[in-house]
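What follows is the residue order along each chain.
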Amino acid sequence: MGRVPKDVSEINGEEVHAEAETKSEPKVPVITRIRRWLPVLNLVGKFAVLSIVPIALLGVILSQTLRTRIQERILDNQKHAAELIAKLGIQPLLRASDLGRGLDPNRFRILDNTLRAGLIGQEVSRIKIWNRAAQVVYSDDPSIVGRTFQPSGGLRGALQGEVSGHVESELSEAEEAGERHLGQLLEVYVPLQFGDYQRPAGAFEIYLPYGPIAATIQRETNRMYMLLLGGLALLYAVLFRIVKKASQRLSRQAAENEHLALHDGLTDLPNRTLFQDRIEQAILSAERESTPLGGLLIDVDRFKEVNDTLGHRSGDLLLQQIGARIQATVRESDTVARLGGDEFGVLLPKLVDRRSATGVADKIRKELE
């Protein structure tokens, strides 16, 4: 007796397992989705969607530029502060000869006392004073005093009269071995010049902890981000309001133009174009529902005499009164139109019989007497 396989099919001795295939819908790119939405949106909606992209891009560019400027400004301020420390706090305690032959114990002690007392007014991680031979003549690390090292690029620039500074994340110079445990530092070199000599007698090197500097940069950057975000949001809101008002004005103008294209400017009644369209629609409806309809053509006798004797202003007022009186006489479903000049038309759909149209004509004649 044969068996019926439940979850497998046996074909030529081989088992073919039925596997359910899961079909995932292909991912639609964001730009493609936006393009699909745009035809549905009105002018304001399209502006709201499309304008957010350039404004966001502008915000990114401005934020990166301003962040760089803030970082440069704060680092420049720190370099100027280091230069003031060298010029006002350190250099007055030295003589040019001290850098040539080395500091005597008394001078060394004065510098140590100055540092311990915090008279330089700045938290520092390390201080070094170099002579032109790249020898350390003073440092708050006594282990390197008197040693000569290979001059770094910053030291060479200071010995040529340039103030330089840069952030060091990894201290690799030989003389920096004692500072590697201090973490990230701002290293500043300041030339030491005495008297009228243009050539620096040595250089002052200072290491400032970068943590407080980085915190200041971050604080200023966050403040800048908030101001920039607020400014861009205000700009977006102002532009959105302008576009919204313009869109509303255009919509009103379009509606007014459409109304003027289908209505008489003097009486505000449907004009010949709209009247003809409604007649065509009424004929189709009458054929479909097998109901009669009627139409009246009204002409004002001796209207030219009114214009000639009383003026066109009086003639216009008369036409407005005629249109209003005819409109008040017929049903709401009827259409009263001004066909031009002193001619009016009345469309009477869904009448009971021919006499109904005659009755309406009599009522209008009486209303106009």
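Structure: above.
Just so it is clear, the model here is predicted, and its values are computed rather than measured.

Reading the values: rules and limits
- Residues numbered from 1 in each chain as written.
- Predicted model: local features only at pLDDT ≥ 70, side-chain atom pairs only at ≥ 80, totals over all residues.
- Heavy atoms only, no water.
- Axes fitted to C-alpha atoms, helices over the stretch in contact; angles between N-to-C directions.
- Helix = DSSP H or I, 4+ residues; strand = E, 2+ residues; numbered from the N terminus.
- Parallel < 35°, antiparallel > 145°, perpendicular 65-115°, else oblique.
- Left-handed = near helix turned anticlockwise from the far one by under 90°.
- Nonpolar A, V, L, I, M, F, W, Y, C, P; charged D, E, K, R; others polar.
- Salt bridge = Lys/Arg side-chain N within 4 Å of Asp/Glu carboxyl O.
- Buried < 20%, exposed > 50% of the residue type's maximum accessible area, 1.4 Å probe, protein only.
- Pairing = 2+ DSSP bridges.
- Core = buried A, V, L, I, M, F, W, Y, C linked by side-chain atoms within 4.5 Å.
- Contact = heavy atoms within 4.5 Å.
- Expected span 1.5 Å × (residues − 1).
- Arc of directions from axis to C-beta.

Attention now moves to the packing of helix α2 (residues 43–90) against helix α6 (residues 210–262). At their nearest, the axes of α2 and α6 sit 8 Å apart, and the two run at 155° to each other. With respect to α6, the element α2 is oriented roughly antiparallel. For the element pair α2 and α6, the recorded crossing hand is right-handed. Here the contact of α2 with α6 is built from residues that sort into 24 nonpolar, nine polar and four charged.

All right, on to the pattern of salt bridges then. Across all of its chains, the model carries eleven salt bridges by this definition. Here lysine 350 and glutamate 289 are joined by a salt bridge, their closest N and O atoms 3.9 Å apart. Of this pair, lysine 350 sits in the loop between β10 (343–348) and α10 (354–368) while glutamate 289 sits in helix α7 (residues 272–289), placing them 61 residues apart in sequence. For lysine 350, a relative accessible area of 53% puts it in the exposed group. Put simply, aspartate 353 and arginine 355 hold a salt bridge, and the shortest N to O gap is 3.5 Å. Judged by its relative accessible area of 27%, aspartate 353 falls in the partly exposed class. Each of Arg95, Asp98 and Arg107 takes part in a single network of salt bridges with overlapping partners.

So, on to the pairing of strand β4 (residues 136–139). Regular strands have side chains that alternate between both faces of the sheet. Inspection of the sheet shows strand β3 (residues 126–131) paired to β4 by three bridges, in the antiparallel sense. Looking across to β4, one finds that lysine 128 is bridged to serine 139. Turn length for the β3-β4 hairpin, with the two strands adjacent in sequence and antiparallel, is four residues, and the turn residue alanine 134 shows positive phi of about 60°.

Looking now at the nonpolar core. A general tendency of soluble globular proteins is for nonpolar side chains to be buried together. Of all hydrophobic cores here, the largest spans 31 residues; its most connected members are Leu94, Ile129, Leu192, Phe204, Ile206 and Ile213. Of all the secondary-structure elements, those providing two or more residues to this core are α2, α4 (105–116), β3, β4, β6 (185–192), β7 (202–209) and α6. The element best represented in this core is α2, accounting for eight residues. Leu269, Ile322, Leu348 and Ala357 belong to the second-largest nonpolar core, a separate cluster that totals 17 residues.

In terms of burial, β10 is a largely internal element, five of the six residues being buried. Of the strand pairs in this sheet, strand β8 (residues 294–299) and β10 are connected by six bridges, and their pairing is antiparallel. When the bridges of β10 are listed, aspartate 299 appears paired with glutamate 343. Counted along the chain from strand β9 (residues 335–340) to the antiparallel partner β10, the turn is two residues long, and its residue glycine 341 has a positive phi close to 60°.

Looking at where asparagine 307 falls in the secondary structure, it is placed in helix α8 (residues 303–310). In this structure, asparagine 307 is in contact with His312 and Gly315, ignoring residues within four places of it in sequence.

Of note, serine 290 is a non-glycine position whose phi angle comes to about 55°, a positive value. Relative to the helices and strands, serine 290 resides in the loop between α7 and β8. We note that lysine 350 has phi near 55°; this positive angle belongs to a residue other than glycine.

Given a rise of 1.5 Å per residue, 18 residues ought to cover 26 Å, and the 26 Å separating the end C-alpha atoms of helix α9 (residues 312–329) matches this to within 8%. Among all positions in α9, only Gly315, Leu319, Ile322, Gly323, Ile326 and Thr329 are buried. Buried residues along α9 cover an arc of 130° about the axis, so they all sit on one side. Turned more than 90 degrees away from the buried face of α9, the exposed residues are Arg313 and Ala328. Along its buried surface, α9 packs onto β8, α8, β9, β10 and α10.

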